[in-house]
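One-letter residues, chain by chain:
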Amino acid sequence: ESTTMNQSQTMRVPTATTKPTVEIDLTHLSESDLSSLQQKDPFMYHSIPSIHKARLYLKDIDHSTLVAPKAPQASSIVSRKSRVSTECHMDVLLE
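So, how was this worked out
Residues numbered from 1 in each chain as written. Predicted model: local features only at pLDDT ≥ 70, side-chain atom pairs only at ≥ 80, totals over all residues. Heavy atoms only, no water. Helix = DSSP H or I, 4+ residues; strand = E, 2+ residues; numbered from the N terminus. Areas by Shrake-Rupley, 256 points an atom, 1.4 Å probe, with all protein chains shown as cover. Phe/Tyr/Trp six-rings, centres within 6.5 Å; stacked < 30°, edge-to-face > 60°. Lys NZ or Arg CZ within 6 Å of the ring centre and 35° of its normal. Core = buried A, V, L, I, M, F, W, Y, C linked by side-chain atoms within 4.5 Å. Buried < 20%, exposed > 50% of the residue type's maximum accessible area, 1.4 Å probe, protein only. Contact = heavy atoms within 4.5 Å. Polar contact = N/O pair within 3.5 Å; in protein donor to acceptor, adjacent residues only side chain to side chain.

1. As for the overall build of the chain
Moving on, step 1. Of regular secondary structure, the chain possesses 5 helices and 2 strands.
Moving on, step 2. Only carbon and sulfur atoms are counted for the fraction: they give 52% of the accessible area of the chain, which is about 8,200 Å².

So this is what it looks like as structure tokens:
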């Protein structure tokens, strides 16, 4: 007479670790820097609020209008996002 025993094992699987925050100061970027950023780091490029908003509205992006004024502002520092939403919020659709 043989009996089968079910044993359960607990396995720990490492999950995502905290990544260092990558930031960029928009006050020192030129049009060519933005074009280069678009190719080299698309997530950082699309983390720029005005670029992200233009994409949500399906508008063309003119880099010459996005170059920030030379006075440093708190909003001129942008943190890189690792996920970029392409869905429109209901407020965007109603405008």
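2. Regarding the packing of aromatic side chains
Moving on, step 1. For the structure on display, the rule yields 0 aromatic pairs.
Moving on, step 2. Positioned over the ring face of tyrosine 57 is lysine 59, at 5.2 Å from the centre of the ring.

3. Section: the nonpolar core
Burial of nonpolar side chains together is a common tendency in soluble globular proteins.
Moving on, step 1. Formed by Ile24, Leu26, Leu29, Leu34, Leu37, Met44, Tyr45, Ile48, Ile51 and Val78, the largest nonpolar core amounts to 10 residues.
Moving on, step 2. Among residues more than four places away in sequence, those in contact with isoleucine 24 are Leu29, Leu37, Met44, Ser76, Ile77 and Val78.

4. Details of the side chain of threonine 27
Moving on, step 1. For threonine 27, the location among the structural elements is in the loop between β1 (23–25) and α1 (31–40).
Moving on, step 2. Residue threonine 27 is classed as buried on the basis of its relative accessible area, which comes to 3%.
Moving on, step 3. Within polar-contact distance, the side chain of threonine 27 engages the side chain of aspartate 25 at 2.9 Å.

5. So, the environment of isoleucine 77
Moving on, step 1. Looking at where isoleucine 77 falls in the secondary structure, it is placed in strand β2 (residues 77–79).
Moving on, step 2. Residue class for isoleucine 77 comes out partly exposed when judged on its relative accessible area of 40%.
Moving on, step 3. Through-space distance from the C-alpha of isoleucine 77 to that of glutamate 23 is 6.5 Å; in sequence the pair is 54 residues apart.
Moving on, step 4. Here isoleucine 77 is in contact with Glu23, Ile24 and Asp25, once residues within four sequence places are set aside.

6. Digging into the side chain of histidine 63
Moving on, step 1. Examined against the element boundaries, histidine 63 turns out to sit in helix α4 (residues 63–66).
Moving on, step 2. Side chain to side chain, histidine 63 and serine 35 meet in a polar contact 3.2 Å long.
Moving on, step 3. At a separation of 2.7 Å, a polar atom in the side chain of histidine 63 contacts the side chain of tyrosine 45.
Moving on, step 4. Contacts of histidine 63, omitting those with residues within four sequence positions, involve Glu31, Leu34, Ser35, Gln38 and Tyr45.

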